[in-house]
2 protein chains.
Amino acid sequence: MQRIYFDNNATTMVDPLVRRAMEPFFCERYGNPNSLHQFGTEVHPDLRAAMDRLYAGINAADGDDILLNGCATEGNNTVLKAVWFDLIRHGSKDHVITTSVEHPCVGNTARFLQGLGAKVTFLPVNRDARVEADAVRDAITQRTALVSVMWANNETGIVFPVREIAEVCRESGVLFHTDAVQAIGKVKVDVQEVPVDFLTFSAHKFHGPKGVGGLFVRKGLKLSPLLHGGEQMAGKRAGTINVAGIVGMGLAMELAAQNLAFEGSEVRRLRDRLEDALLKIPDVMAIGRREMRVPNTSFLSVRGVEGEALLWDLNRHGIAASTGSACASESLEASPIISAIGAGPELSHTGVRLSLSRFTTQDEVDAVVRVFSGAVERLRSISSAY
Amino acid sequence: MQRIYFDNNATTMVDPLVRRAMEPFFCERYGNPNSLHQFGTEVHPDLRAAMDRLYAGINAADGDDILLNGCATEGNNTVLKAVWFDLIRHGSKDHVITTSVEHPCVGNTARFLQGLGAKVTFLPVNRDARVEADAVRDAITQRTALVSVMWANNETGIVFPVREIAEVCRESGVLFHTDAVQAIGKVKVDVQEVPVDFLTFSAHKFHGPKGVGGLFVRKGLKLSPLLHGGEQMAGKRAGTINVAGIVGMGLAMELAAQNLAFEGSEVRRLRDRLEDALLKIPDVMAIGRREMRVPNTSFLSVRGVEGEALLWDLNRHGIAASTGSACASESLEASPIISAIGAGPELSHTGVRLSLSRFTTQDEVDAVVRVFSGAVERLRSISSAY
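(A) Expanded view of the interface of chain A and chain B. Opposite the 71 residues of chain A that make contact, chain B presents 72 residues. Buried surface at the junction of chain A and chain B, both sides included, amounts to about 6200 Å², of which 59% is carbon and sulfur. The partner of Glu-23 of chain A in a salt bridge is Arg-19 of chain B, and the shortest N-O contact between them spans 3.7 Å. The tally of links from chain A across to chain B stands at 27 residue pairs in polar contact (both at pLDDT 80 or more). At the level of elements, strand S1 (4–5), helix H1 (16–22), helix H2 (24–27), helix H3 (38–41), helix H5 (72–88), helix H6 (104–115) and helix H11 (307–316) of chain A are the ones that each hand at least two residues to the side of chain A that touches chain B.

Here it is as structure tokens:
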């Protein structure tokens, strides 16, 4: 049975080089880096190298922080909750701006802050499935403490205008956070070019291991920790340092940067080849303009076909795709994106996301086109709606 | 150069069997378990097997929860902060009881709750370096929401009377949480015998990987999540499931249970052999009665010798030991335990912890005895205080 993985926005294969780099840290160099003896200190050079790779990967500067944590969910929770504890609880600000299409770990944390008394604005996307900087500017008030807008959307792959939004926030004296989980390794993420204050990422989205992530904090800024405890990371994030995971994430970040040109050319070429072929099927529509998307993602609406039914057909042929976020894959709600771009309700359950990686081959693309086309034909033939 | 690791209370070597069990989940079976397709679902049997091993390891019942997370620091933060959000913030209770010798991830979280308005009692240990159930009973008031007392102390290895404390809490209608990080794999941890409400553990303390832990929640109880986000674990803990880590933790838990008798006999024999030999050195004292300790730990006070100086001598010979918690190893404060047991201030910096594991050999014990004895002699010969 063939196994074709087109769900790289949900998670990715660990790069074999990353796996190999992690191996010595399980049974040989297993010390706790906070220990004073050689078992602890001998891993310091590896951790420093990993940190250097993370700093280089997003072009962070000396004095900036990159807090190492368990996942982007933890990073995003840290930022939003720290803003509540540090700015909103006792201050004159009580307003957070985010979007209606954030990952649930931003959206649901924002709703949690609402329960604590914060005011939250959820900006909708426009017909391009984007949130524009002007909409952010219009929403900012004297009471706005934080703007949180993702760098690239997980469902559509649409890249948001984070540079313009960051500049609007700077001008207004408002903190800006971006969830860059879907951007790292797909487009250039440079915290000098884009003046974000906080940025989160997760290793398993760029061919690193699951269970480890990072949170960039601009020099001069401080966040109350989400996890209190030991003195790790100068008290900014407690918990024993996950050495193997961090070494893996560091190398994964370096490889992501090295492969960025390949992603923009070859992965894009394969994605376009895939999408061009699938768009030849009648009544198939791509969500979001291609040039506004990360190179690996194609989110398609197939009129008359339920996305989930199509997934099952693909899955029977060993092809992994998604109707959207894996973190909400048991939800039956309509895609907020498909509604937002102005498509009718008859299309709201027709979305299928195909997300490639640098390990995707042209043979796989062509196999997916064949199976996808056959599945659409079959499902439409038994559909009462088409 | 020899490498002898006697710091297993700080972290442990991953068992080679655990490492092998984790391997397929990096580059082959790397799907996100929340995905609906085969890459996601094919790991479900492995996750279920890991959960079964965790449930069996602590004798949890159907209906109990074990939330999978990043570490015990996260688990302990989850319990204490949820109690604040769920019980203290809007309720008539505002009091938390813990001890003065908890790990910083309990102690500092409790201090954070104080900042939010909670009242916290930090019970001191007695001359046996224990907190007795009577002290807990005396401290409980009508306003007490939670008692948090560790199962076994990280520095001394002293086992606390958690069963009696749990029963006191039950009688008083107070929730009871225990940090069992230093107990799993060393003594029997059975949540049926000991009626705890919440219990935390961390894989890397029992020969599992770093970066993954668990939080037991008794049937019928609910904690507000620390991490908001996706629907993982029914909304109780968001974040992509760390499949490799959880598979590793599950097997590590099973191996810990299987090796419990060995720990109580052979590891204990080696620890006692070590301690008997070191206690022959004049003016060396073991902290805490041996029969009250987990089998692997020896915390010694060496009069006239600074613990840290002794560590460096041991380290020069490739031997890893500790002056106490690795999470506070850069702190210069006196050991609270040594003060608590009534030793004079001249002993407060003389503590050295030696912690063994099932991988420790008798040859290693004998080598440590030789080096330790020589180091004490050398350090005392240059000490003005001895």
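(B) Local environment of the pattern of salt bridges. Going through the model one piece at a time under the given rule, you end up with 56 salt bridges over all chains. For Asp-272 of chain A, the salt bridge identified is with Arg-290 of chain A, shortest N-O distance 3.6 Å. In this pair, Asp-272 of chain A sits in helix H10 (residues 260–279) while Arg-290 of chain A sits in the loop between strand S9 (284–286) and strand S10 (297–302), placing the two residues 18 residues apart along the sequence. Judged by relative accessible area, which is 17%, Asp-272 of chain A ranks as buried. Arg-358 of chain B is the salt-bridge partner of Asp-15 of chain B, the closest N and O atoms lying 2.7 Å from each other. Of the two residues, Asp-15 of chain B sits in the loop between strand S1 (4–5) and helix H1 (16–22) while Arg-358 of chain B sits in the loop between strand S12 (351–355) and helix H13 (362–381), which places them 343 residues apart along the sequence. For Arg-358 of chain B, a relative accessible area of 13% puts it in the buried group.

(C) Expanded view of the domain arrangement of chain A. All names here are of chain A. By domain assignment, chain A separates into domain 1 (4–12 + 260–381) and domain 2 (16–258). The distance between the C-alpha centroids of domain 1 and domain 2 comes to 27 Å. Roughly 2700 Å² is buried in total at the junction of domain 1 and domain 2, and carbon and sulfur atoms are behind 56% of that figure. Linking domain 1 with domain 2 are 1 salt bridge. The partner of Arg-289 in a salt bridge is Asp-128, with the nearest N and O atoms 3.3 Å apart. When residues of the side of domain 1 that touches domain 2 are traced back to their parent elements, those giving at least two are H10, S10 and helix H12 (336–340). With 3 residues, H12 is the largest single contributor of residues to the side of domain 1 that touches domain 2. When grouped by side-chain class, the residues that make up the side of domain 1 that touches domain 2 number 13 nonpolar, 13 polar and 5 charged.

(D) Broad picture of the state of the cysteines. Summed over all chains, the structure comprises 0 disulfides over all chains. Not part of a disulfide, Cys-27 of chain A finds its nearest cysteine sulfur in Cys-27 of chain B, a span of 16 Å. For Cys-27 of chain A, a relative accessible area of 13% corresponds to the buried category. Cys-105 of chain B supplies the cysteine sulfur nearest to Cys-71 of chain B, a cysteine that is in no disulfide, at a spacing of 7.6 Å.

(E) Focus on the sheet that holds strand S10 (residues 297–302) of chain B. All names here are of chain B. Taken together, 3 strands build an open sheet; the order of strands is S9-S10-S12 and the sheet is antiparallel. The outermost strands of the open sheet, each flanked by one partner alone, are strand S9 (284–286) and S12. Strand-to-strand twist in this sheet, taken as the mean axis angle between neighbours without regard to direction, amounts to 30°. As defined by bridge partners, S9 adjoins S10 across 3 bridges and the pair is classed as antiparallel. Opposite Val-284, over in S10, you have Val-302 as the bridge partner. In the packing of H13 onto the sheet, the strands contacted are S9, S10 and S12, and the crossing angle to S10 comes to about 20°.

Thresholds, definitions, all that
- Residues numbered from 1 in each chain as written.
- Chains lettered and ligands numbered in written order.
- Predicted model: local features only at pLDDT ≥ 70, side-chain atom pairs only at ≥ 80, totals over all residues.
- Heavy atoms only, no water.
- Contact = heavy atoms within 4.5 Å.
- Buried area = accessible area lost by both parts, 1.4 Å probe.
- Salt bridge = Lys/Arg side-chain N within 4 Å of Asp/Glu carboxyl O.
- Polar contact = N/O pair within 3.5 Å; in protein donor to acceptor, adjacent residues only side chain to side chain.
- Helix = DSSP H or I, 4+ residues; strand = E, 2+ residues; numbered from the N terminus.
- Buried < 20%, exposed > 50% of the residue type's maximum accessible area, 1.4 Å probe, protein only.
- Domains from an automatic or database assignment.
- Nonpolar A, V, L, I, M, F, W, Y, C, P; charged D, E, K, R; others polar.
- Disulfide = S-S within 2.5 Å.
- Pairing = 2+ DSSP bridges.
- Axes fitted to C-alpha atoms, helices over the stretch in contact; angles between N-to-C directions.

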